[in-house]
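# A structural walkthrough
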Amino acid sequence: GAVVSQHPSWVICKSGTSVKIECRSLDFQATTMFWYRQFPKQSLMLMATSNEGSKATYEQGVEKDKFLINHASLTLSTLTVTSAHPEDSSFYICSAAGTGADTQYFGPGTRLTVL
Amino acid sequence: AQSVTQPDIHITVSEGASLELRCNYSYGATPYLFWYVQSPGQGLQLLLKYFSGDTLVQGIKGFEAEFKRSQSSFNLRKPSVHWSDAAEYFCAVARNEDNDMRFGAGTRLTVKP
């Protein structure tokens, strides 16, 4: 089956620093990748959708300058949380879908804690 | 835009008892429907999905779900719950043209011994 990995699985950083999270599709080419955010005991909220080689489409209320998304290849998308603050602490989950695919495959998530 | 409602925030059942988790969706066309399970601190695992065809869908771990268009529902069922089923369950709906997926608020399942 399709496998999506995320790295790191867990990161702690100081306030004001930037953190990069990688999302990789290991055994298929992902033309579309999605980034979600999940606060404790809450549901997943879609942050942005990215297609390989083009700019990401952000959901309303998501700051594109704060959450930088790059989808440079068919197997890799990155989310960079710039100038992180404690309120950015959350569980970030990516998912990937191939060309014409009707199923997203989810990564295991990255827990970000900003001190 | 599509949306999903999971009316039950928390459900407790005894081990061996049957389970039904409710999910209602809102979407103008035939949606793609999914059920995912999430254990604490983990990512999502797909239990089952419905795109078209037979409205009763079989999934992994003994779960099944039934799509009822007239009720805009996609309830998840299991005839006999195991302690390992304790987790958070999310229903999701996607538009069939662009994979834009929206999640319900989730239902937390507790299993009593």
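Here we summarise the structure given alongside this text. Everything numeric here is computed off the predicted structure, so don't read it as measured data.

### Quick look at the overall build of chain B
Along its length, chain B carries zero helices and twelve strands. Secondary structure elements of chain B occur, N-terminal to C-terminal, as β-β-β-β-β-β-β-β-β-β-β-β. The C-alpha radius of gyration of chain B comes to 13 Å, within 12% of the 13 Å expected for a compact globule of 113 residues. The C-alpha extent of chain B, read off along each of the three principal axes, is 45 × 30 × 20 Å. Out of the 113 residues in chain B, the part that is buried amounts to 47%.

### Here we look at the interface of chain A and chain B
On the chain B side, the residues contacting the 19 residues of chain A number 20 residues. Buried surface at the junction of chain A and chain B, summed over both partners, amounts to about 1,400 Å²; 52% is from carbon and sulfur atoms. Remark: the boundary between chain A and chain B carries one salt bridge. Connecting chain A to chain B are four residue pairs in polar contact (both at pLDDT 80 or more). The residue makeup of the side of chain A that touches chain B, split by class, is ten nonpolar, six polar and three charged.

### Focus: the pairing of strand β3 (residues 19-25) of chain A
Residue and element names in this part refer to chain A. Residues V19, I21, C23 and S25 point to one face of β3 and are all buried, whereas K20, E22 and R24, pointing to the other face, are not buried. Note that strand β1 (residues 4-7) and β3 share four bridges and pair antiparallel. Its bridge partner being in β3, S5 is matched across the sheet by R24. The pairing of β3 with strand β8 (residues 76-81) spans six bridges and is classified as antiparallel. By the bridge assignment for β8, C23 is matched with S77.

### So, the pairing of β8 of chain A
Residues and elements named next belong to chain A. The buried count for β8 comes to six of six residues, which makes it a mostly enclosed element. On β8, burial covers both faces: L76, T78 and T80 on one face and S77, L79 and V81 on the other are all buried. For strand β7 (residues 67-73) and β8, the ladder comprises five bridges, and the chain directions are antiparallel. Across the sheet, L68 pairs through a bridge with T80, a residue of β8. Between β7 and β8, which pair antiparallel and follow one another directly, the connecting turn spans two residues.

Scoring rules and cut-offs
- Residues numbered from 1 in each chain as written.
- Chains lettered and ligands numbered in written order.
- Predicted model: local features only at pLDDT ≥ 70, side-chain atom pairs only at ≥ 80, totals over all residues.
- Heavy atoms only, no water.
- Helix = DSSP H or I, 4+ residues; strand = E, 2+ residues; numbered from the N terminus.
- Rg over C-alpha atoms; globule rule 2.2 N^0.38 Å.
- Buried < 20%, exposed > 50% of the residue type's maximum accessible area, 1.4 Å probe, protein only.
- Contact = heavy atoms within 4.5 Å.
- Buried area = accessible area lost by both parts, 1.4 Å probe.
- Salt bridge = Lys/Arg side-chain N within 4 Å of Asp/Glu carboxyl O.
- Polar contact = N/O pair within 3.5 Å; in protein donor to acceptor, adjacent residues only side chain to side chain.
- Nonpolar A, V, L, I, M, F, W, Y, C, P; charged D, E, K, R; others polar.
- Pairing = 2+ DSSP bridges.

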